[in-house]
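Survey of secondary and tertiary structure
Single-letter residue listing:
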Amino acid sequence: DGSVDYLITIGLNIQDNVEAQDKVEAQKTEFESIFKLSRDGIVILDEQFNILEFNHAFEEMSTYSREELLTLSYLEMSSNQELTEQALNQVLAQGVLDNFEISCLTRHGEQLYLSISASLMPDGKRLLVTTKDLTLQKNNEETLKRAITIAEKADKAKSIFLANMSQEILTP
C-alpha cells in the first residue's frame, strides 16, 4: 500500500566534538607560535641526539641552514662531544637537565657559548632542548678579566715605582 509504518531517525549532537576540536586546534596554533617566536633556541632531538626539528632562533644561533641542521647530530656541533653526550644521556636517564653550559662551533667556526636545559618528551624517545646564547656574556667576562689583570699589573708597577722613588729621595 506504500504507507510507512515506522520511521527511525538517529540524531547526533556533534557540537561538543566540534568545540573540542576547535580548542585543540587553538592550542596547537598557540604552541606553534611559541615555538616559532621564542628568542631562545628550541631543538627536538631523537635518542641518538640527531636534530629532528628546531626553531628559527636556534637556526640563527648556529648559522647553519635548515637543511644542514637536519643532517647533524647535536653532538657534532659541540666543542666537547663527550661532556655533551654525558649531559644528554642524563636527560634520557633522569628526564631533565637544567642550565648546563656548553660551547659549540657555528657553521663559520666561531665559538658559541650556550646554556641548555632539556627534558625528555612524553614519548620517552625524544628530547626537548632549549638553548640560550651566552656568547656575549662570556666575551664580556673575558674582557673584564683581562682589564682587571692589566689594572693589577699597572698598580703593581706604580707601587714599585713609588717605592723606588721614596728610596731615592730618602737616600742622600
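In this report, the structure presented in the accompanying data block is examined. This is a predicted model, so every value here is computed, not measured.

1. Observations regarding the overall build of the chain
- Along the backbone of the chain there are 6 helices and 5 strands.
- In the chain, the succession of helices and strands from N to C terminus is α-β-β-α-α-α-α-β-β-β-α.
- Counting only residues that meet the buried cut, the chain has 26% of its 172 residues in that class.
- Of the contacts made within the chain by residues no fewer than 6 positions apart, 39% connect residues no fewer than 24 positions apart.
- Only carbon and sulfur atoms are counted for the fraction: they give 54% of the accessible area of the chain, which is about 12,600 Å².
- Computed over 15 positive and 29 negative side-chain charges, the inter-centroid distance for the chain is 11 Å.

2. Re the nonpolar core
- Counting residues in each nonpolar core, the largest one holds 26 residues, and the members touching the most others are Leu-45, Ile-51 and Tyr-74.
- Only strand 1 (41-45), strand 2 (51-54), helix 2 (56-62), helix 4 (74-77), helix 5 (81-94), strand 3 (96-105), strand 4 (111-120) and strand 5 (127-133) provide two or more residues apiece to this core.
- Ignoring anything within four residues of it in the chain, the contact list for Tyr-74 reads Val-43, Leu-45, Phe-49, Ile-51, Phe-58, Thr-84, Leu-88, Ile-102, Leu-114, Ile-116, Val-129 and Thr-131.

3. Thoughts on the pattern of salt bridges
- By the definition in use, this model includes 6 salt bridges.
- As a salt-bridge pair, Arg-66 and Glu-53 come within 3.0 Å of each other at their nearest N and O atoms. Taken together, the residues span a long stretch of sequence, with Arg-66 in helix 3 (residues 66-69) and Glu-53 in strand 2 at a distance of 13 residues.
- Ionic pairing is found between Arg-126 and Asp-123, a salt bridge with its closest N-O pair at 2.6 Å.
- With a relative accessible area of 31%, Arg-126 lands in the partly exposed category.

4. Some thoughts on a negative patch on the surface
- On the surface, a cluster of negative charge is contributed by Asp-16, Glu-19, Asp-22, Glu-25 and Glu-32.
- Within the fold, Glu-25 resides in helix 1 (residues 15-37).

5. Comments concerning the environment of Val-91
- Within the secondary structure, Val-91 sits in helix 5.
- According to the relative accessible area criterion, Val-91 is buried, its value standing at 0%.
- With 30 residues separating them in the primary sequence, Val-91 and Met-121 have C-alpha atoms 9.9 Å apart.
- Setting aside chain neighbours within four positions, we find Val-91 in contact with Val-96, Leu-97, Ala-118, Ser-119, Leu-120 and Leu-127.

6. Points about the environment of Ile-42
- Looking at the element boundaries, Ile-42 is found in strand 1.
- Separated by 38 residues in the primary sequence, Ile-42 and Val-4 place their C-alpha atoms 65 Å from one another.
- Dropping the residues within four chain positions of it, Ile-42 is found in contact with Phe-35, Glu-53, Phe-54, Asn-55, Phe-58, Leu-128, Val-129, Thr-130 and Thr-131.

7. Quick notes on the side chain of Ser-62
- Examined against the element boundaries, Ser-62 turns out to sit in helix 2.
- Here the side chain of Ser-62 touches Glu-59 through a polar contact of 3.1 Å, landing on its backbone oxygen.
- There is a polar contact of 3.1 Å between the side chain of Ser-62 and the backbone nitrogen of Tyr-64.
- When sequence neighbours within four positions are dropped, the list of residues in contact with Ser-62 reads Leu-69, Met-77, Thr-106 and Arg-107.

8. A word on the sheet that holds strand 3
- The 5 strands are arranged 2-1-5-4-3 in an open sheet whose pairing can be described as antiparallel. Of all the strands in the sheet, the pair left with one neighbour each is strand 2 and strand 3. When strand polarity is set aside, the average angle formed by the axes of neighbouring strands in this sheet is 30 degrees.
- As defined by bridge partners, strand 1 adjoins strand 5 across 5 bridges and the pair is classed as antiparallel. Counted as the bridge partner of Ile-44 is Leu-128 from strand 5.
- Across the face of the sheet, helix 5 comes into contact with strand 1, strand 3, strand 4 and strand 5 while running at roughly 155 degrees to strand 3.

Here is what the cut-offs are and how they apply
Throughout this description, residue numbers start from 1 for each chain and increase along the sequence as written. Predicted model: local features are reported for residues with pLDDT of at least 70 only, side-chain atom pairs are reported and counted for 80 or more only, and whole-chain, interface and lining totals are derived from all residues. Calculation of side-chain values draws on the structure's entire complement of heavy atoms; hydrogens and water are dropped beforehand. Strands are runs of DSSP state E lasting at least 2 residues, helices are runs of H or I lasting at least 4, and numbering of each runs from the N terminus. Each residue's exposure class comes from its accessible area (1.4 Å probe, protein chains only) as a fraction of the maximum for that residue type: buried when under 20%, exposed when over 50%, partly exposed otherwise. Two residues form a contact once any of their heavy atoms are found within 4.5 Å. Using a 1.4 Å probe, accessible areas were evaluated by the Shrake-Rupley method; residue-level cover was limited to the displayed protein chains. For the purpose of counting charges, residues Lys and Arg are taken to be positive, whereas Asp and Glu are taken to be negative. His and the chain ends are not included. Think of each charge as sitting on NZ of Lys, CZ of Arg, CG of Asp or CD of Glu. Nine residue types can take part in a nonpolar core, namely buried Ala, Val, Leu, Ile, Met, Phe, Trp, Tyr and Cys, and a core is a set of them joined through side-chain atoms within 4.5 Å. Salt bridge, as used here, is a side-chain nitrogen of Lys or Arg placed within 4 Å of a carboxyl oxygen of Asp or Glu. Any residue with relative accessible area above 30% and no salt bridge may belong to a patch, with like charges joined within 9 Å and the nonpolar Val, Leu, Ile, Met, Phe, Trp and Tyr side chains within 5 Å. Here a polar contact is recorded for every N or O atom pair within 3.5 Å, except that within protein the pair must consist of a potential hydrogen donor and a potential acceptor, and residues adjacent in sequence are included only if both atoms are side-chain atoms. In this description, strands pair whenever DSSP reports at least two bridges between them. Only C-alpha atoms enter the line fits that serve as axes; for helices the fit covers just the stretch in contact. Angles between N-to-C directions range over 0 to 180 degrees.

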